[in-house]
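So the chains spell out like this:
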Amino acid sequence: MTNIVVFICSFFLTFTLTGCTELNQQLGSLQINQQADTPTNMEPNNQLRPAVKKPIIEIKTSEQHKDKTTSIHTSILAPAKVNNPVQNKKSSNAQKDAIQVVAKPESIPVLVNKKNKLPDAYKPRDLIYTTIPFIFKGKSEKREMRNEAATAISNLFAGAKKQGVNLLGVSAYRSHAIQTTLFNAYVKKDGYAKARTYSALPGTSEHETGLAIDVTGGNGKCSAEDCFGGTKEAKWLQAHVAEYGFIIRYPKGKDLITGYKYEPWHLRYVGKVIAKEIMSSGSTLEEYYNTIPVSK
């Protein structure tokens, strides 16, 4: 009996020692694995080093696109020493307002709108003072237009006068710097979102092309105001501007296509052939080029 007891005790002692050995081996293996998984960027006292941020590379694109446009996107930049709130908008606005630069800004029927802009340094090379009367006295860049457009607007004013319709110029050419100052003023007054509904971002204003002009009746009333729409002058323009190479750039009911509400006073020179096609069909310059609607 004594031998049996000794045998049983020896068996259990051997089993226990073997199990402990295996358990110790497993725990040792686990410790090694944990050490292998420990981050290598540990500072003394087990503190993680902050991750090193890779520098963000800003890619600047050349301003070379737009009439029939290319796919390079660019941001609006103000001229030197001009405070431009556009540059201070959040990235979401920057993406939403991403636009393309026209390839041929000198083209007479160039498409300039909320999705297509002129190069920041662009200035028409053939600007001249128009000979038409304006609502203000004295010299100003607002009296200037490109040579071909200036001749055409003089002929339009003369043709209207022969039919008993007197017109006055309100604003023609506008430089990039002036457009920036103007837009910033509207942003300060009404906020960025509202300003975008009625004023063009710098570079996207047709006035910067030297091919556009705002006009009003001979009495100077309703200058760039909705009340101009029902006047005999507005009705004459609707019926006759194409004869002189102009279009009503922002027609009634085309807000989502052009991005702007009806402006019967805003004339844009595109040449007689294109003007007659657009005005006779009641369409827009965007539709002529079959582009995606601008929307508001």
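Note that the coordinates shown come from a computational prediction; the quantities given were computed from them, not determined experimentally. (Residues numbered from 1 in each chain as written. Predicted model: local features only at pLDDT ≥ 70, side-chain atom pairs only at ≥ 80, totals over all residues. Heavy atoms only, no water.)

Undergrad: What is the right way to read the pattern of salt bridges from this model?
TA: For the structure on display, the rule yields 10 salt bridges. Across the pair aspartate 126 and arginine 146 runs a salt bridge whose closest N-O atoms are separated by 3.0 Å. A residue pair is termed long-range when its members are at least 10 positions apart, and aspartate 126 in the loop between β5 (116-117) and β6 (127-129) and arginine 146 in strand β7 (residues 144-146) qualify at 20 residues. Judged by relative accessible area, which is 27%, aspartate 126 ranks as partly exposed. The exposure class of arginine 146 is buried, given its relative accessible area of 7%. Here lysine 254 makes a salt bridge to glutamate 287, at a shortest N to O gap of 3.2 Å. In this pair, lysine 254 sits in the loop between β10 (246-250) and α7 (255-258) while glutamate 287 sits in helix α9 (residues 285-288), placing the two residues 33 residues apart along the sequence. Of the residues examined, lysine 254 reaches a relative accessible area of 17% and is grouped as buried. Glutamate 287 gets classed as partly exposed once you look at its relative accessible area, which sits at 33%. Residues participating in the shared-partner salt-bridge network are Glu106, Arg125, Asp126 and Arg146. (Salt bridge = Lys/Arg side-chain N within 4 Å of Asp/Glu carboxyl O. Helix = DSSP H or I, 4+ residues; strand = E, 2+ residues; numbered from the N terminus. Buried < 20%, exposed > 50% of the residue type's maximum accessible area, 1.4 Å probe, protein only.)

Undergrad: Which parts of the structure should I look at to understand the packing of aromatic side chains?
TA: Here the distance between the centres and the angle between the planes together describe a pair of aromatic rings. Applying the stated criterion across every chain, the model contains seven aromatic pairs. Taking 5.3 Å as the distance between ring centres and 50° as the angle between the ring planes, the aromatic pair formed by phenylalanine 134 and phenylalanine 136 counts as tilted. For the pair shown, phenylalanine 134 and phenylalanine 136 are each scored as buried. Pairing tryptophan 236 with tyrosine 244 gives two aromatic rings, centres 6.4 Å apart and planes at 35°, and the pair type is tilted. Since its relative accessible area comes to 18%, tyrosine 244 is described here as buried. The lysine or arginine in question, lysine 114, covers the ring of tyrosine 260, its NZ or CZ lying 4.6 Å from the ring centre. The residue whose ring lies beneath lysine 142 is phenylalanine 136, and the NZ or CZ to ring-centre distance is 4.9 Å. (Phe/Tyr/Trp six-rings, centres within 6.5 Å; stacked < 30°, edge-to-face > 60°. Lys NZ or Arg CZ within 6 Å of the ring centre and 35° of its normal.)

Undergrad: What is the right way to read the state of the cysteines from this model?
TA: The final tally for this structure, using the stated rule, is one disulfide. For cysteine 222, the disulfide goes to cysteine 227, at an S-S distance of 2.1 Å. One disulfide, between cysteine 222 and cysteine 227, carries an S-S torsion of -125° and so falls in the left-handed class. (Disulfide = S-S within 2.5 Å.)

Undergrad: When you look at the nonpolar core in this model, what are you seeing that I'm missing?
TA: Nonpolar side chains in soluble globular proteins tend to end up buried together. The biggest cluster of nonpolar side chains holds 44 residues, and the ones touching the most others in it are Ile153, Leu156, Ile213, Leu237, Phe246 and Leu267. Those elements that place two or more of their residues in this core are α3 (147-162), β9 (212-217), α6 (232-240), β10, β11 (263-269) and α8 (272-281). Sorting elements by how many residues they give to this core places α3 first, with seven residues. Look past the residues within four positions of phenylalanine 246 in its chain and what remains in contact with it is Met145, Ala149, Ala152, Ile153, Leu156, Leu211, Val241, Leu267, Arg268, Tyr269, Ala275 and Met279. Phe183, Val187, Tyr192 and Leu201 belong to the second-largest nonpolar core, a separate cluster that totals five residues. (Core = buried A, V, L, I, M, F, W, Y, C linked by side-chain atoms within 4.5 Å. Contact = heavy atoms within 4.5 Å.)

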